[in-house]
Every structure is written in structure tokens, then in C-alpha cells.
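Chain by chain, the residues run as shown.
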Amino acid sequence: IFLSGCGPTYEEGSDARLRVNPANQVTFSRVKTGETRTQPVMISNVGHDPLKVSHIEWRGAENVRLSVEGSSFPRILDTRGQFSIAVHFAPTTTSPTPDGVIRIYSNDINHPEYDLPVVAQQLAPQIHVVPSAEGKLIFGQVDAGQTATKTVVVTNSGDLPLEISQVALQAPSDFSYEVVGVSGYPVSLLSGESRMD
């Protein structure tokens, strides 16, 4: 009597199981414009058959890029084999938040195309004015024909760009104002050092 055993083949990937860590999303927290942050993603095989990862790509905004540890694709992972991806996020004025997914193509029959969203927990634009409305802009005694000048500084304490659409003065005709170094509106203030006087 001749007996032959026939298990799942490599091409079928019947028990090639992709595990991604983190599994649900890659999260960046409070990344300012001009900075770059990196988060790791681990790809592993938790099945009994070899896992073939044929390709990994980023589908989304241009402010995210991927770098992959080790050799090029396709990558074959035996049981408990793994490799890592570095996800780099660098917000810009035109693209301040990540918007897309990391797509992983493999022979996992349950997840041949695995999408891993990339998100950022960014604070909304927040105007910060010094002196504040409560502190007021107080002029002392100013004699006729003399001029006194006070500076108001506007910054953005949020993470996303703050768009200033207009500045207006509501005061008697004795008062005037100038926005320093601004040729037109809107003015975009980034988080941190960016300011309008």
C-alpha cells in the first residue's frame, strides 16, 4: 500500500498568517510642521506555512514615507519570522496631517491586502495674542503731535497651520496700525516660532 501526505502548499498559503503590530492604526501625536517623527510597524508570520509579503506601499499624502528593514520584496517569512517598517511623518503647510493607509500585500488568504491607517492627533489651530483681550493694549499719556507705539504679537499654539484672513482696527481716528512684513492675506502661521506683529 502506498500512502502520500498532501499538506497546504506554499502558493496556497493555507496557514500563512499575517500579523501586524500595531494592528489597527499607526498614531502620531502632536508633530509640528517642519518636524519628522518615526513610528515602527512589525510584520510577522504567525501561521505554519511560509508567508510571502510581495509588496508594501503607502497610499496617501506625500508627507508620509516608509523605509523597510532588510532586503527587497518579495519577502518570505517562515513561522515566527518578522521584519519591521519605519513610518516617517513630516507635516507641511500644504499637507499638515497624514491621510492614507499602509497597504501590505501577502499570501495570507484572509488578508491578502491589509490596510493599516496612519493618523495624527494634532491640535487644531489656536490663535494666541499678547497682550490678550483681558490684558488690553494700554497707552499712557501721549502729548499732542507725539506718537506712541505698542506691539501686538499673534502666534499659533496649535499644531495645524493658523490662517489669518484679515486684521482690522476698531478705534478712534487717532489710532492707526501696521501689520509688519505682511504683503497680503491670508497669512499662515505655523506652530511655534511663526508670528505676526
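Residues numbered from 1 in each chain as written. Predicted model: local features only at pLDDT ≥ 70, side-chain atom pairs only at ≥ 80, totals over all residues. Heavy atoms only, no water.

## Quick notes on the pattern of salt bridges
Overall, the coordinates contain seven salt bridges when judged by the stated rule. Notably, a salt bridge pairs D15 with R17, separated by 2.8 Å at the nearest N-O pair. In this structure R17 comes out as partly exposed when scored by relative accessible area, which is 47%. Here E35 makes a salt bridge to R37, at a shortest N to O gap of 3.6 Å. Taken together, the shared-partner salt bridges in this structure form one network comprising R103, E113 and D115. (Salt bridge = Lys/Arg side-chain N within 4 Å of Asp/Glu carboxyl O. Buried < 20%, exposed > 50% of the residue type's maximum accessible area, 1.4 Å probe, protein only.)

## A few points about the environment of P50
Mapped onto the secondary structure, P50 falls in the loop between β3 (37-45) and β4 (51-60). Taking the C-alpha atoms as reference, P50 lies 9.9 Å from R75; in sequence the two are 25 residues apart. (Helix = DSSP H or I, 4+ residues; strand = E, 2+ residues; numbered from the N terminus.)

## A few points about the nonpolar core
Judged by nonpolar contacts, the single largest core of 23 residues is most densely connected at V20, V41, I43, I56, V87, I102 and I104. Elements with a contribution of two residues or more to this core: β1 (18-21), β2 (26-29), β3, β4, β7 (82-89), β8 (100-106) and β9 (113-121). When residues no more than four places from it in sequence are discounted, the contact partners of I102 are V26, I56, E57, W58, L66, V87, Y114, D115, L116 and V118. Core analysis: the second largest hydrophobic core is formed by seven residues, V154, L162, L189 and M196 among them. (Core = buried A, V, L, I, M, F, W, Y, C linked by side-chain atoms within 4.5 Å. Contact = heavy atoms within 4.5 Å.)

## Details of the side chain of S191
Locating S191 in the fold gives a position in the loop between β13 (187-189) and β14 (195-196). With relative accessibility at 12%, the residue S191 sits in the buried group. If sequence neighbours within four positions are ignored, S191 has contacts with K32, N156, G158 and D159.

## Some words on the pairing of β4
The pairing of β4 with strand β6 (residues 75-77) spans three bridges and is classified as antiparallel. Paired with K52 across the two strands is I76, which belongs to β6. (Pairing = 2+ DSSP bridges.)

## Describing the side chain of N63
Summarising the element assignment, N63 is placed in the loop between β4 and β5 (64-68). Judged by relative accessible area, N63 falls into the buried class, the value being 6%. For N63, the residues in contact, after removing those within four places along its chain, are H88, F89, A90, P91, S95, P96, T97 and P98.

## Things to note about the pairing of β7
Side-chain positions along a regular strand alternate between the two faces of the sheet. The element β7 is extensively covered by neighbouring structure, given that seven of its eight residues are classed as buried. Bridging between β3 and β7 involves eight bridges; their strand directions are antiparallel. Bridge pairing in β7 places Q39 opposite V87. In this structure, β5 lies alongside β7, joined through five bridges in antiparallel fashion. For V68, the partnering residue across the bridge sits in β7 and is I85.

## Re the layout of surface pockets
Empty space within the largest pocket amounts to approximately 1000 Å³. Looking at the largest pocket, it is lined by 29 residues, and the ones nearest its centre are L137, K150, L169, S176 and Y177. The residue makeup of the lining of the largest pocket, split by class, is 17 nonpolar, eight polar and four charged. (1 Å grid on protein atoms, 1.4 Å probe; cavity = no way out; pocket = protein on both sides within 12 Å on 5 of 7 lines; lining within 4 Å. Points joined across faces, edges and corners; volume = space filled by probe spheres on them. Nonpolar A, V, L, I, M, F, W, Y, C, P; charged D, E, K, R; others polar.)

## Re the sheet that holds β9
Read from one edge to the other, the open sheet built from five strands follows the order β2-β9-β8-β4-β6, with strand pairing classed as mixed. Only two strands of the sheet have a single partner each, and these edge strands are β2 and β6. The average undirected angle you get between the axes of adjacent strands in this sheet is 25°. Pairing analysis gives six bridges linking β8 to β9, with the strands arranged antiparallel. In the sheet register, V101 faces β9, and the bridge partner there is P117. (Axes fitted to C-alpha atoms, helices over the stretch in contact; angles between N-to-C directions.)

## A closer look at a nonpolar patch on the surface
There is a patch of nonpolar side chains on the surface, built from L169, F175 and Y177 and spanning about 290 Å² of accessible area. Within the secondary structure, F175 sits in the loop between β12 (162-164) and β13. Judged by its relative accessible area of 41%, F175 falls in the partly exposed class. (Patch = residues over 30% accessible without salt bridge, like charges linked within 9 Å, V, L, I, M, F, W, Y side chains within 5 Å. Areas by Shrake-Rupley, 256 points an atom, 1.4 Å probe, with all protein chains shown as cover.)

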